[in-house]
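One-letter residues, chain by chain:
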Amino acid sequence: MRFVPPDGASRLAEHASATSLVALGTLYGTDKVGAGFAAVYDRLLSPHRRQVLNVLEVGVSLGSSLRMWRDFFPNATVWGVDTFKRSQGSSTLPDGGVEGWHHPFLVEWKAGKHDRIKLVVGNQSDETDMVRVVDELLPGVPFDIIVEDGSHFHHDQQRSLVQLFPLLAPGGVYIMEDLQSHLNAAGYREPRGGANTSLSVLRRYEQSKNATSLQSRYLTAGDAAALHNWIKSVEAVCATPGYPASGCWHITGIIRKRTTPRELRARYRPSG
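A brief structural summary.

Each value, and the rule that gives it
- Residues numbered from 1 in each chain as written.
- Predicted model: local features only at pLDDT ≥ 70, side-chain atom pairs only at ≥ 80, totals over all residues.
- Heavy atoms only, no water.
- Helix = DSSP H or I, 4+ residues; strand = E, 2+ residues; numbered from the N terminus.
- Buried < 20%, exposed > 50% of the residue type's maximum accessible area, 1.4 Å probe, protein only.
- Contact = heavy atoms within 4.5 Å.
- Areas by Shrake-Rupley, 256 points an atom, 1.4 Å probe, with all protein chains shown as cover.
- Phe/Tyr/Trp six-rings, centres within 6.5 Å; stacked < 30°, edge-to-face > 60°.
- Lys NZ or Arg CZ within 6 Å of the ring centre and 35° of its normal.
- Polar contact = N/O pair within 3.5 Å; in protein donor to acceptor, adjacent residues only side chain to side chain.
- 1 Å grid on protein atoms, 1.4 Å probe; cavity = no way out; pocket = protein on both sides within 12 Å on 5 of 7 lines; lining within 4 Å.
- Points joined across faces, edges and corners; volume = space filled by probe spheres on them.
- Nonpolar A, V, L, I, M, F, W, Y, C, P; charged D, E, K, R; others polar.

## What about the overall build of the protein chain?
Of the regular secondary structure elements, the protein chain holds nine helices and 11 strands. Looking at the protein chain as a whole, 50% of its 272 residues are labelled buried. Long-range pairs, those at least 24 residues apart, make up 65% of the contacts in the protein chain with a sequence separation of at least 6. For the protein chain, the computed accessible surface area is about 12700 Å², with 53% contributed by carbon and sulfur atoms.

Structure, rendered in structure tokens:
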């Protein structure tokens, strides 16, 4: 059953007491709570709540997490990118015919609801379209936090990192969510545990911290070198430890950006 926030006075009272990401996420019904991600991000981001000015999330779904971010960061504008179609990757939105169906959150936003939220229509799986999306996102640059929660395809995760990391502020945090697609052979176009999964790529870099370790069939040597020039650290965090069989389910990648590049002469430009 999809979570439906309470209405009227009860909703206002609950909202007033919702100060953590877990509480706000529960209020708005984002699946980041059940996955354990909200608790991870609360520990990571709580000290910076009032300093954050711009947040970007790829993958809007019904807008629950965008509203969570907006309320958690009182001074921030929150940007969302999505195709706003019924399905993308492995996720399917609730009932509604494909033909003539209108995304409810997008419709509400166009009607002037959801203050401090900006939406951009774009297809993460189409790199050419993402070039246009990046141009539309420029008024929000630099982003203090970027959350990639889109299709979960390894190609899309890694190519979005290449295209969006330049928009992240020096010292900012890039979150690559749902890395557990590494453990699922169905639907993500890489074999279970394969060397080219996003989790494998981040774990190699976490261990060796050199540009070569970033390479996969989705990243060129130039992409890897450019990312390495700006990446400060990488951490793959298990948000639900103790999961049967695999030992973990729901894994998120925390990528911190350096305040200055490793090579001051280098300019970060995605290849291709």
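Text resumes after the structure shown.
## A word on the packing of aromatic side chains
Per the counting criterion, the structure on display carries six aromatic pairs. Ring centres 6.1 Å apart and planes at 85 degrees place the aromatic pair Trp79 and Phe143 in the edge-to-face group. Of this pair, Trp79 sits in strand S2 (residues 77–82) while Phe143 sits in strand S6 (residues 143–148); the two residues are 64 residues apart in sequence, bridging distant segments of the chain. Connected via pairs of aromatic rings, a cluster forms that spans Phe37, Tyr41, Trp69, Phe72 and Phe73. Taking the ring centre of Trp79 as reference, the NZ or CZ of Lys118 above it sits at 5.9 Å. Its end group placed over the ring of Phe165, Lys257 keeps NZ or CZ at 5.2 Å from the ring centre.

## Looking at the side chain of His103
Looking at where His103 falls in the secondary structure, it is placed in the loop between strand S4 (91–92) and helix H5 (104–110). Here the side chain of His103 touches Ser61 through a polar contact of 2.6 Å, landing on its backbone oxygen.

## What to know about the layout of surface pockets
Using a probe with the size of a water molecule, rolled over the atoms, empty space left in the structure can be pinpointed. Roughly 260 Å³ of volume is contained in the second largest pocket. Looking at the second largest pocket, it is lined by 16 residues, and the ones nearest its centre are His48, Asp144, Gly171, Gly172 and Val173. Listed by contribution, the elements that provide at least two residues to the lining of the second largest pocket are helix H3 (37–45), S6, strand S7 (168–176) and strand S11 (251–257). Residue contributions to the lining of the second largest pocket peak at five residues, all from S7. Residues that form the lining of the second largest pocket fall into these classes: seven nonpolar, five polar and four charged.

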